[in-house]
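A look at the structure
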Amino acid sequence: MNSVYEALVEIVGKDHSSVQPEELFIYSWDLGTTEPHRPDYAVSPRTPEQIQKIVQLANKEKIPVVPLGGGLSLAGLAVPFKGGILLDLKRMDSIIEVNEKARYTVVECGVSQGQLTSYLERHCPHLTHSEPGAPPTATIAGNMAIHGQGDLAQPYGFNSDMINGLEVVLPTGEICQFGSCSIGSGWFTLHPLPDVGLFLGWTGTTGIITKVSLRLFPCKKIRGAALFAVDNEELIPEIIYKLTHTQMVEDIVAFSQAIPPFSSGLQHITINLSADSEKELEFKQEIIFDDTLGEYIRKGDGGYLGFNRGLQRPQISKTSDWRKGGGFEYVGSIMPIDTYPECYRRGRQISEKHDIPYTVLGRCIGAAHAMMFSWTYAFNRADPETIKHAKAALHETDDLVLKLGGTIWKPGLYGQKLVMERLNSSTFDLMRKVKQLLDPNGIMNPGNWEPAL
Ligand SMILES: Cc1cc2nc3c(=O)[nH]c(=O)nc-3n(C[C@H](O)[C@H](O)[C@H](O)COP(=O)(O)OP(=O)(O)OC[C@H]3O[C@@H](n4cnc5c(N)ncnc54)[C@H](O)[C@@H]3O)c2cc1C
């Protein structure tokens, strides 16, 4: 047995460490177009102290450590480009606390979105969290680490804006707390202490988040989604502006896709509504559909396609069926809402150039402060030619995002490079210094944000 493996077994036990090729294979790739890279070891720790010992070992041996939550972020963000230790965090799955009155929960880093949703449904049905449209095994912490957004993004912003506190194991092994929890006052606020921006958006290159305190929000008894459609993309920014003015809507997502062909070219808007009573629902529907969207219906510009109880989230993963061999990856971006028409048109052109049925989607963040706009490209996993096209389309889209004045969300290596080339030199220098200070041996998720080293 090699000495690193022996040391890992000593830390987490034989059942939770592996050098078996078939197990390492599972950890070598994600769902997207990134080339696989095999880790040398896979371990599944249970406590922050075990993680602490693992990073201390990695520093001594100068080997990489790659944290993995649900592994669903696509773009290769948890692919171990330089081998090393793959840290599978799913066993750290305790929901430590739910404070109902202060509306927050403290969870370990392996708690998944689906786990928290079903816990709240069973034990605290009047509370909810902002759940991303990702498959339910995606973790809360992994989503924070990349500034994700969920179905409460319209009223409350990015999921990373909903953090009340963090516990992090630094790349050199120290365990730190941030927020009120760091002075023993409970996990109810992040403010007004120095912030935790050092760990968000860095894709696990500055530390391993082990606990998160997450804000919860009122969950009304009736929740559902309405669908509105228009055939002119130019109308979307103005419609979203008017919808957000009502302050009555939860999620607002505008999307357009080539499949089914009869709706290609149409812009659909899903509008999530919630209410505690039929009376409240009726009132909201009247304000939204009669007063706000009514003018588009009366002018013949749009149509209301009904309200469904039970939330039907737009499911991007369905695009994996657009092609035989089911693969897909998307470029996400944070864009000003008024760029929606251009994002749609240019995305459609890129898809058509690469012979991929187009799928585009914009989720409203805040009171129309921004949108997360995504372009999804399907490919056949068994056909290298279609993967090549999807990859080219993804790179062209990364370029497009910056050309249109947006920022790339959860960029892969190509997008990270584009972003770093454009960063103001003092900001880039600061980023480099922060990274060197926190991770002097460059062990954390190497490859990612690497020129910053
Ligand atoms: C069909 C589909 C729909 C999606 N819809 C959405 C959506 O609506 N909103 C959205 O935000 N996202 C969406 N996503 C993207 C992604 O799945 C989510 O953001 C997901 O929450 C990421 O969490 P994860 O646990 O899978 O992260 P992972 O992929 O495991 O990790 C993400 C990154 O964070 C790092 N990391 C993971 N855990 C930690 C930790 N504890 N500490 C430090 N670093 C860590 C990893 O190394 C990696 O770089 C979607 C994905 C798919 C496939």
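Everything below is about the structure printed above this text.
Small disclaimer: the values here were computed from a predicted structure and weren't measured.

1. Focus on the sheet that holds strand S16 (residues 326-335)
In space, the eight strands of this open sheet follow the order S15-S12-S14-S13-S17-S18-S16-S19, with antiparallel pairing throughout. Bordering the open sheet on either side are strand S15 (302-309) and strand S19 (407-409), each of which pairs with just one other strand. Going across the sheet, the axis of each strand differs from the next one's by a mean of 25°, ignoring polarity. Taken strand by strand, helix H8 (residues 278-292) contacts strand S12 (222-230), strand S14 (267-275) and S15, and its axis lies near 150° from that of S14. Along the sheet face, helix H11 (residues 384-403) touches S16, strand S18 (370-380) and S19 and points at about 165° away from the line of S18.

2. With respect to the pattern of salt bridges
Throughout the structure, instances matching the rule amount to 26 salt bridges. Between Asp 439 and Lys 435 there is a salt bridge whose closest N-O contact spans 2.6 Å. Exposure class is identical for Asp 439 and Lys 435. Each is buried. Each of Glu 233, Glu 234, Glu 342, Arg 345 and Arg 346 takes part in salt bridges that share partners, so that together they form one network.

3. A word on the sheet that holds strand S3 (residues 65-68)
Spatially, four strands are ordered S1-S2-S4-S3 in an open sheet, and the strand pairing comes out mixed. Two strands bound the open sheet, and with one partner strand each, they are strand S1 (17-18) and S3. Bridging between S1 and strand S2 (residues 41-43) involves two bridges; their strand directions are antiparallel. The residue of S2 that forms the bridge with Ser 18 is Ala 42.

Conventions we followed
- Residues numbered from 1 in each chain as written.
- Predicted model: local features only at pLDDT ≥ 70, side-chain atom pairs only at ≥ 80, totals over all residues.
- Heavy atoms only, no water.
- Pairing = 2+ DSSP bridges.
- Helix = DSSP H or I, 4+ residues; strand = E, 2+ residues; numbered from the N terminus.
- Axes fitted to C-alpha atoms, helices over the stretch in contact; angles between N-to-C directions.
- Contact = heavy atoms within 4.5 Å.
- Salt bridge = Lys/Arg side-chain N within 4 Å of Asp/Glu carboxyl O.
- Buried < 20%, exposed > 50% of the residue type's maximum accessible area, 1.4 Å probe, protein only.

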